[in-house]
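# Structure assessment
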Amino acid sequence: MKNINRKDEILKDERGQVLILFSLIVATLIASLSILHAQNLIAGVESSRAFLSFPKDEVRNLKYIVKLDFGHLDSDAEENLIDQIKLLYAAKGTYVDVERVSSSKYKLVYSNTEVYFSEYLSVQDEEIWLPETGGGGG
């Protein structure tokens, strides 16, 4: 008779089932949080890589060179400057080209393994900035 009561007590005891259920819920929650954390890390790495790969300063410097210098050089000096720029950027593995479209319009092309950038630039005399004192102080 004691064995029958013991079996009934074991069958009625649900503490083990509740423990297993809560452990599955906690394991599922931890797995979900780890997946979410991994996705955030990957997204952060990709966005920072994209931010670092875009050559904003290099493109801006090329635009300044085109706008400030190219409108005031003769064709030979302009070609020499374009060749020097191409060689300097080719040493870094980057393709750069500046092409004259019209008398005051140029096409700038910048391309490396991750970025392709192209823009038409208009060169005007009023865009030139020169110091009032001639650059020697005041």
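This text follows the structure it describes.
As a starting point, this report considers the structure included with it. (Residues numbered from 1 in each chain as written. Predicted model: local features only at pLDDT ≥ 70, side-chain atom pairs only at ≥ 80, totals over all residues. Heavy atoms only, no water.)

### Things to note about the pairing of strand β3 (residues 116-122)
If a strand is regular, its side chains alternate between the two faces of the sheet. Cut-off, in case you're wondering: At least two bridges found by DSSP between two strands is the condition for calling them paired. Working definition: helices are DSSP H or I runs of at least four residues, strands are E runs of at least two. Numbering for both runs from the N terminus.
Of the strand pairs in this sheet, strand β2 (residues 105-111) and β3 are connected by seven bridges, and their pairing is antiparallel. By the bridge assignment for β3, Lys107 is matched with Tyr120. Between β2 and β3, which pair antiparallel and follow one another directly, the connecting turn spans four residues.

### Considering the sheet that holds β3
The cut-off we apply is this: In this analysis an axis means a line fitted to C-alpha atoms, helices contributing only their contacting stretch, and an angle means the value between N-to-C directions, from 0 to 180 degrees. Whether two residues are in contact is decided by their heavy atoms: any pair within 4.5 Å suffices.
Strand order in this open sheet of three strands is β1-β2-β3, and the pairing throughout is antiparallel. Each having just a single partner strand, β1 (95-102) and β3 make up the two edges of the open sheet. The average angle at which neighbouring strand axes cross in this sheet is 15°, direction not considered. Its contacts with the sheet put helix α3 (residues 56-69) on β1, β2 and β3, and the angle it makes with β2 is roughly 160°. Lying over the sheet, helix α4 (residues 75-90) contacts β1 and β2, oriented at roughly 155° with respect to β1.

### Let's talk about the environment of Thr94
Topologically, Thr94 is positioned in the loop between α4 and β1. It is 5.9 Å that separates the C-alpha atoms of Thr94 and Ser111, two residues lying 17 residues apart in sequence. Apart from the residues within four sequence positions on either side, Thr94 is in contact with Tyr89, Tyr110, Ser111 and Asn112.

### Overview of a nonpolar patch on the surface
The test is simple: Here the term patch refers to residues with relative accessible area over 30% and no salt bridge, with like charges joined within 9 Å and nonpolar side chains (Val, Leu, Ile, Met, Phe, Trp, Tyr) within 5 Å. Note on areas: Shrake-Rupley with a 1.4 Å probe; residue coverage comes only from the protein chains shown. Just to be clear on terms, a salt bridge is a Lys or Arg side-chain nitrogen sitting within 4 Å of an Asp or Glu carboxyl oxygen.
Together, Val18, Leu21, Phe22 and Ile25 line one region of the surface with nonpolar side chains, adding up to about 380 Å² of accessible area. Structurally, Ile25 can be placed in helix α2 (residues 15-53).

### Section: the side chain of Asp97
Which entries qualify depends on this criterion: Contacts described as polar in this section are N or O atom pairs within 3.5 Å, which, within protein, must combine one atom able to donate a hydrogen with one able to accept it, while residues neighboring in sequence count only if both atoms come from side chains.
Along the chain, Asp97 falls in strand β1. Here Tyr95 takes part through its side chain, which lies 3.4 Å from a polar atom of the side chain of Asp97. Other than its neighbours up to four places away in sequence, Asp97 contacts Ile82, Lys86, Lys107, Leu108 and Val109.

### With respect to the pairing of β2
Here is the rule we go by: Residue burial is assigned from relative accessible area. The probe radius is 1.4 Å, only protein chains are included, and a residue is buried under 20% of its type maximum, exposed over 50%, and partly exposed in between.
Most of β2 sits out of view: five of its seven residues are buried. Summarising the sheet, β1 and β2 pair through seven bridges and their orientation is antiparallel. When the bridges of β2 are listed, Val96 appears paired with Tyr110. Taken together, β1 and the strand that follows it, β2, pair antiparallel across an intervening segment of two residues.

### A word on the nonpolar core
Cut-off, in case you're wondering: In these notes, a set of buried Ala, Val, Leu, Ile, Met, Phe, Trp, Tyr and Cys residues joined through side-chain atoms within 4.5 Å is what counts as a nonpolar core.
Residues Leu62, Val66, Phe70, Val98 and Tyr110 are the most contacted members of the largest nonpolar core, which totals 15 residues. Listed by contribution, the elements that provide at least two residues to this core are α3, α4, β1, β2 and β3. Filtering out sequence-adjacent residues up to four positions away, Phe70 remains in contact with Ile65, Glu78, Leu81, Ile82, Ile85, Val98, Arg100 and Tyr106.

### Describing the pattern of salt bridges
For the structure on display, the rule yields five salt bridges. Across the pair Asp57 and Arg60 runs a salt bridge, and its minimum N-O distance is 2.2 Å. Taken as a pair, Asp57 and Arg60 lie in helix α3 at a separation of three residues, close to a single helical turn. For Asp57, a relative accessible area of 43% translates into the label partly exposed.

Take it as geometry only, folks, not as evidence of what the structure does.
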